[in-house]
Amino acid sequence: MNFPKELKYSKSHEWVKEEADGTALIGLTDYAQNELGDLVFVNLPQEGDSLAAGEAFADVESVKAVSDVFSPVSGVVAEVNEELADAPELMNKDPYGAWLIRAGEITGTEELLDAEAYEAFAKEQE
Amino acid sequence: MKLLFERSVPGCGCTILPACDVPLVELDAAKREQALHLPEVSENEISRHYTELAKETHGVNDGSYPLGSCTMKYNPKINEVAAALPGFTKIHPLQPDHTAQGCLEVLQTAEKLLCEITGMDRMTFQPAAGAHGEFTGLLLIKAYHDHRGDTKRTKIIVPDSAHGTNPASAVMAGYQVINIPSRADGCVDLEVLRAAVGEDTAGLMLTNPNTVGLFDKNILEITRIIHEAGGLNYYDGANLNAVMGLVRPGDMGFDVIHLNLHKTFSTPHGGGGPGSGPVGCKAFLQDYLPETGAQSIGRVKAFHGNFLVVVKALNYILMLGREGILQASQNAVLNANYLRKKLSGVYDMAYDETCMHEFVMSLEQEKHEESVSALDVAKALLDYGIHPPTMYFPLIVHEALMVEPTETESKENLDELIRAFLEIHEKAKTDPEYIRSAPHTTTIKRLDEVAAARNPKLRYEF
Amino acid sequence: MGNFISTTEQQQKEMLQEAGYDSFDALFAGVPEGVYQKDGVNIPEGLSELETERRMEVLAGKNQIFPHIFRGAGAYNHYIPAIVRTVVAKEDFLTAYTPYQAEISQGNLQAIFEFQTMICELTGMDVANASVYDGATAAAESIFMCRERKRMKALVSATTPPQVLETMQTYCYGRGAELCVVPEKDGVTDLEALASMLDEGVACMYLQQPNFYGILEDAKRIGELVHEKGAKFVMGGNPIAMAVIRTPGECGADVAVGEGQPLGMPLGFGGPYLGFMAATKDMMRKLPGRIVGETVDSEGQRGFVLTLQAREQHIRREKASSNICSNQALCALTASVYLAAMGAKGVQEAAMQCTSKAHYLQKELEQAGFHLVYDKPFFHEFVTDTPVDAELLMKQLEQHGYLGGLVLSGGRILWCTTEMNTKQEMDELVRLGKEAANR
């Protein structure tokens, strides 16, 4: 399982990539996609929707389950990865490339883990 | 198997209608421009097509069907005969009452008998299925609180062991769902319930026996807690087959109930419907029922519900009578306990105590040790010509298989079922791959559900 | 007396013993005293099969079967081909549950897939579900497919049949949704009123075609008006009419629903009938209920499964958009066999005969003094006034085995004809009408 060093992680298994322009990309971790199994659909928010740290902003569907995706940051949805609507399998194939949203106007962030701490946390969950 | 459309030969067809005996009139409005693709097939081809499809459809008449929570009992043929009487099938729903006295008497008699069986005072037959009944019953609760001006009651309490329809119905009725965790034995935790109720409690939705097949001994205390908080009790009748004729929901403190006539009262499931989900209530709620008057919640369906299904259920109740109803639930419970006893020790019972009409096994250990899941065991049963139990429900048991044999299975069938379960368990140890790749004898093997959901193909393209 | 238990009393005793119980009562030891009815409930003793059948025949005999039916208003008397009746009586179809175990349910699943295809064809839409309870609940469910965060209000035309409108109102009462009725003018939806009611908060507009009065409205124009304001357009319809009139798809509908009863289901005092629902591809995941999809098995063979299940209540629970679980599978099968037996030509012929006979009857009735109330194009129903007391007329028709039209407010009558009505019986109906008028 892969835990890229440059990313930060939430305990609800999202990754955050802080960008130079102050925005942040958010996606599902490798651990999360592995636990969820083959993903078949993602319900994404709309641009301009507000985000609250710790609250659900999207949900992902596998064949027999649906799971909420929680926002690690407070702010606004600046961009949505429309590609996932037609190709949800990208979240399984390339979890760290398949970002769900770009968050902007970030006003707050949940306590996040670095790669090492998250890897340890994920191991505990198993 | 060919699709009906693939059997189509241009120019083929059936001769059904005579020529028109009045002058043809051209439609004086915008006409359909796109082609209408329907199969062009002879009657012989249609008949063979559906005979082929029927052979690839497992019904109760094909073999054991111990599908938990679904009560797949034998469907008496006399039900079908009664429902096919022209005196019922040819009656228009908007005929004047004096020309439909037989239909009205069917509804009235069924209401009287079912009220006696459930301990309710009134019943509506408008709801078409269990979930539809839940929605209707919750609207009665909503109307009750609304008419009292008690508008702060916005929450419905639902245990986490409940059927998925319960929380979904509560939301459709405009309620917020309060999920409460069940005790380790699947019963309601009284302390948790006491903490959950309050001035915002509109009601509780509960099934008893519950979804792990246990009768909640604290039922009177549970319904009292809700009543004392000012809420009403809703009984999900999905599991009534365990106790019909022995325990009346009305006597347990329930105010509203729905029944599933297609489960408990033997009208067939029809491959997923039509069912019938009548809703019964205590007298103080009767003014809110559909088709009543000014305070009614309004209609939930056109006309009078799935009437012909009610005919079948009435037929069944008349035939069984007091004694037969009692024997049905007694034997439903006996058959379940006989199976449970014979399988426990080999399979892990989620709760190894006297169950009602069904019980739940957990395959968690097998999953861990042999990587054989509940799904794999279910698929292996297909090779024995047995319909698998309900899988992965209730959610509070991991790797759950929920087994409901019903009262109409013979001892030989039950013993065969036991033998199949034991053989599969043995095979899972010696050759787990064989079980993981089951079924082996069906015409179609395991299907790619991921591909079906990622790239939905929901119709035939011409 | 009757029961369908397959074990003998002796076997039951042995099984009790093997399971560790000395009596049936011991199985119910956990039931609190006071609620346990040891001797059962107070209903009559059971009957034998023969006695039961006699009893049911007596009940059926108390109904009056009308050989001549001129009433529709949501339930239509069409011919049911013999093959329809025999196919849906097949025990495997009758006694199966929902096809969750796909490997032993391919027949049932394929039948639903074929049904979905036929509904797409009739409606001109992209996708369809496996059916819902009836046309009225289909209309009600459609509202909740269309509501979005900022668009929560639904509009419905006053020309919608009352049982459909009332069901929509009840569903809206449940969720606290706003439903506004667009008034009618001369038997059709008032377009000016509609235009003024369409605002940014409207989620959808429901129009039934043909409408309650049998009239064919300018659905395409209404769809354009609705779309101009960014709302969704939902059309309800009669499936037989859809074979010949401009389809919901051609009218620009986002969702198409309807009552499938005309496709081979008996009148049956109102049910079971069949609700069908179809939508554009964009709305696919908003469809409630079961949906069958095509896929392949592990050996590459074509097969069918229930799909997109994560929309549904058994997975999404309180977040599901609908609580629907059962569909009307056997009724959907009925409709499929009906459509196969009739074929496109047959359904179109039935539609054409409906229309021709309705127009014949309307002209004859006009001459007998029953004047057409709305001078608008109609399919197979129309409204007239009456030169005699409407209720009295119905009583007289009844005595001759005629179920006349439905009496509406103001003494108006909603008449209906189908391919079942012969010229001879229509002439007789008119003669009886004239006779009543001259009395």
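On a predicted model such as this, the values are computed, not experimentally measured, just so you know.

Looking only at helices and strands, one finds 14 helices and eleven strands in chain B. The C-alpha radius of gyration of chain B comes to 25 Å, within 12% of the 23 Å expected for a compact globule of 462 residues. Considered along the principal axes of its C-alpha atoms, chain B spans approximately 75 × 65 × 45 Å. Burial analysis of chain B (462 residues in total) assigns 66% to the buried set. Counting contacts in chain B only where the partners sit at least 6 residues apart, residues at least 24 apart contribute 72% of the total. By element, 48% of the accessible surface of chain B is carried by carbon and sulfur atoms, the whole surface being about 14700 Å². Distance between charge centroids for chain B: 1 Å, based on 42 positive and 59 negative side chains.

Time to look at helix α7 (residues 135-146) of chain C. The α-helix advances 3.6 residues per turn, and as a result positions three or four apart in sequence lie on the same side. Residue and element names in this part refer to chain C. A rise of 1.5 Å per residue sets the reference length of α7, with its twelve residues, at 16 Å; its end C-alpha atoms lie 17 Å apart and thus fit the reference within 8%. Buried residues dominate α7, accounting for twelve of its twelve residues. Where α7 begins, the capping side chain belongs to D134, and its oxygen is found 3.2 Å from the backbone nitrogen of A136.

Glancing now at the interface of chain B and chain C. Contacts between chain B and chain C engage 205 residues on the former and 186 residues on the latter. Summing both sides of the interface, chain B and chain C together bury roughly 16500 Å²; the carbon and sulfur share of this comes to 63%. For the interface between chain B and chain C, the tally reads twelve salt bridges. Note that D21(B) and K357(C) form a salt bridge whose closest N and O atoms lie 3.1 Å from each other. Applying the counting rule to chain B against chain C returns 97 residue pairs in polar contact (both at pLDDT 80 or more). The element that contributes the greatest number of residues to the side of chain B that touches chain C is helix α9 (residues 307-343) of chain B, accounting for 30 residues. Residues that form the side of chain B that touches chain C fall into these classes: 113 nonpolar, 53 polar and 39 charged.

The next thing to look at is the nonpolar core. Residues F88(B), L193(B) and F265(B) are the most contacted members of the largest nonpolar core, which totals 104 residues. With 19 residues, the top contributor of residues to this core is α9(B). Formed jointly, this core draws a minimum of three residues from each of two domains, domain 2 (78-318) and domain 3 (327-453) of chain B. Apart from residues no more than four positions distant in its own chain, F265(B) is found in contact with L114(B), I117(B), L240(B), M244(B), L259(B), N260(B), A313(B), Y316(B), I317(B) and I325(B). In terms of nonpolar packing, the next biggest core, distinct from the first, is built from 74 residues, V158(B), V279(B), I297(B) and A75(C) among them.

Quick look at the packing of α9(B) against helix α12 (residues 411-430) of chain B now. Residues and elements named next belong to chain B. Relative orientation of the contacting elements α9 and α12 amounts to 30°, with a least axis distance of 10 Å. As judged from the angle between their axes, α9 and α12 are roughly parallel. Judged by the sense of rotation from one axis to the other, the crossing of α9 with α12 is right-handed. Counting all contacts with α9, which are made through N335, Y338, L339, K342 and L343, the residues of α12 involved are K411, L414, D415, L417, I418, F421 and L422.

Residues and elements named next belong to chain A. The strand order β4-β6-β7 describes an open sheet built from three strands, whose pairing is antiparallel. Single-partner strands in this sheet number two, and they are β4 (39-43) and β7 (66-70). Strand-to-strand twist across the sheet, computed as the mean angle between neighbouring axes with direction ignored, equals 25°. Both strand β6 (residues 56-62) and β7 contribute to a ladder of five bridges, which runs antiparallel. Bridge pairing in β7 places D59 opposite D68.

Turning our attention to the domain arrangement of chain B. When its domains are assigned, chain B resolves into domain 1 (4-56), domain 2 (78-318) and domain 3 (327-453). Taking the mean C-alpha position of each, domain 1 of chain B and domain 3 of chain B sit 44 Å from one another.

Another aspect to go through is the packing of aromatic side chains. Tallied over the full model, the rule gives 24 aromatic pairs over all chains. Centroid distance Y118(A) to F121(A): 6.4 Å. Interplanar angle 35°. Geometry classified as tilted. Of this pair, Y118(A) and F121(A) both sit in helix α4 (residues 115-125), three residues apart, which is roughly one turn of that helix. Taken as a pair, Y118(A) and F121(A) share a single burial class, namely buried. Pairing Y97(C) with Y100(C) gives two aromatic rings, centres 6.3 Å apart and planes at 40°, and the pair type is tilted. For Y100(C), a relative accessible area of 33% translates into the label partly exposed. What links up through ring pairs into an aromatic cluster is the set F3(A), Y9(A), Y118(A) and F121(A). Here the basic side chain of R102(A) rests over the ring of W99(A), its NZ or CZ set 6.0 Å away from the ring centre. K427(B) extends its terminal NZ or CZ atom over the ring of Y434(B), reaching a point 4.8 Å from the ring centre.

The relative placement of two packed helices is expressed as an angle between their axes plus a distance between the axes. Viewed as axis vectors pointing N to C, α9(B) and helix α1 (residues 9-19) of chain C meet at an angle of 45°, and their least axial separation amounts to 9 Å. One finds that α9(B) runs oblique with respect to α1(C). α9(B) and α1(C) meet at a crossing whose hand is left-handed. Here α9(B) contributes N331(B), L334(B), N335(B), N337(B), Y338(B), K341(B) and K342(B) to the contact with α1(C), which in turn contributes Q12(C), M15(C), L16(C), E18(C) and A19(C). Tallied by class, residues from the contact of α9(B) with α1(C) come to five nonpolar, four polar and three charged.

Right, let's talk about the pattern of salt bridges for a bit. It is possible for side chains bearing opposite charge to pair when their charged atoms get close. Tallied over the full model, the rule gives 56 salt bridges over all chains. E294(C) is the salt-bridge partner of K457(B), the closest N and O atoms lying 3.2 Å from each other. Of this pair, K457(B) sits in the segment after α14 (449-454) while E294(C) sits in strand β11 (residues 292-296), which puts the two residues in different chains. Looking at E294(C), the relative accessible area reads 17%, which means it is buried. With a closest N to O distance of 3.8 Å, E148(C) and K232(C) form a salt bridge. Separated by 84 residues along the polypeptide, E148(C) in the loop between α7 and β3 (153-157) and K232(C) in strand β8 (residues 232-237) bring together distant segments of the chain. Through salt bridges that share partners, E191(B), R194(B), E221(B), R224(B) and E228(B) make up one connected network.

Conventions used here
- Residues numbered from 1 in each chain as written.
- Chains lettered and ligands numbered in written order.
- Predicted model: local features only at pLDDT ≥ 70, side-chain atom pairs only at ≥ 80, totals over all residues.
- Heavy atoms only, no water.
- Helix = DSSP H or I, 4+ residues; strand = E, 2+ residues; numbered from the N terminus.
- Rg over C-alpha atoms; globule rule 2.2 N^0.38 Å.
- Buried < 20%, exposed > 50% of the residue type's maximum accessible area, 1.4 Å probe, protein only.
- Contact = heavy atoms within 4.5 Å.
- Areas by Shrake-Rupley, 256 points an atom, 1.4 Å probe, with all protein chains shown as cover.
- Lys, Arg positive; Asp, Glu negative; His and termini not counted.
- Charge placed at Lys NZ, Arg CZ, Asp CG, Glu CD.
- Expected span 1.5 Å × (residues − 1).
- Polar contact = N/O pair within 3.5 Å; in protein donor to acceptor, adjacent residues only side chain to side chain.
- Buried area = accessible area lost by both parts, 1.4 Å probe.
- Salt bridge = Lys/Arg side-chain N within 4 Å of Asp/Glu carboxyl O.
- Nonpolar A, V, L, I, M, F, W, Y, C, P; charged D, E, K, R; others polar.
- Core = buried A, V, L, I, M, F, W, Y, C linked by side-chain atoms within 4.5 Å.
- Domains from an automatic or database assignment.
- Axes fitted to C-alpha atoms, helices over the stretch in contact; angles between N-to-C directions.
- Parallel < 35°, antiparallel > 145°, perpendicular 65-115°, else oblique.
- Left-handed = near helix turned anticlockwise from the far one by under 90°.
- Pairing = 2+ DSSP bridges.
- Phe/Tyr/Trp six-rings, centres within 6.5 Å; stacked < 30°, edge-to-face > 60°.
- Lys NZ or Arg CZ within 6 Å of the ring centre and 35° of its normal.

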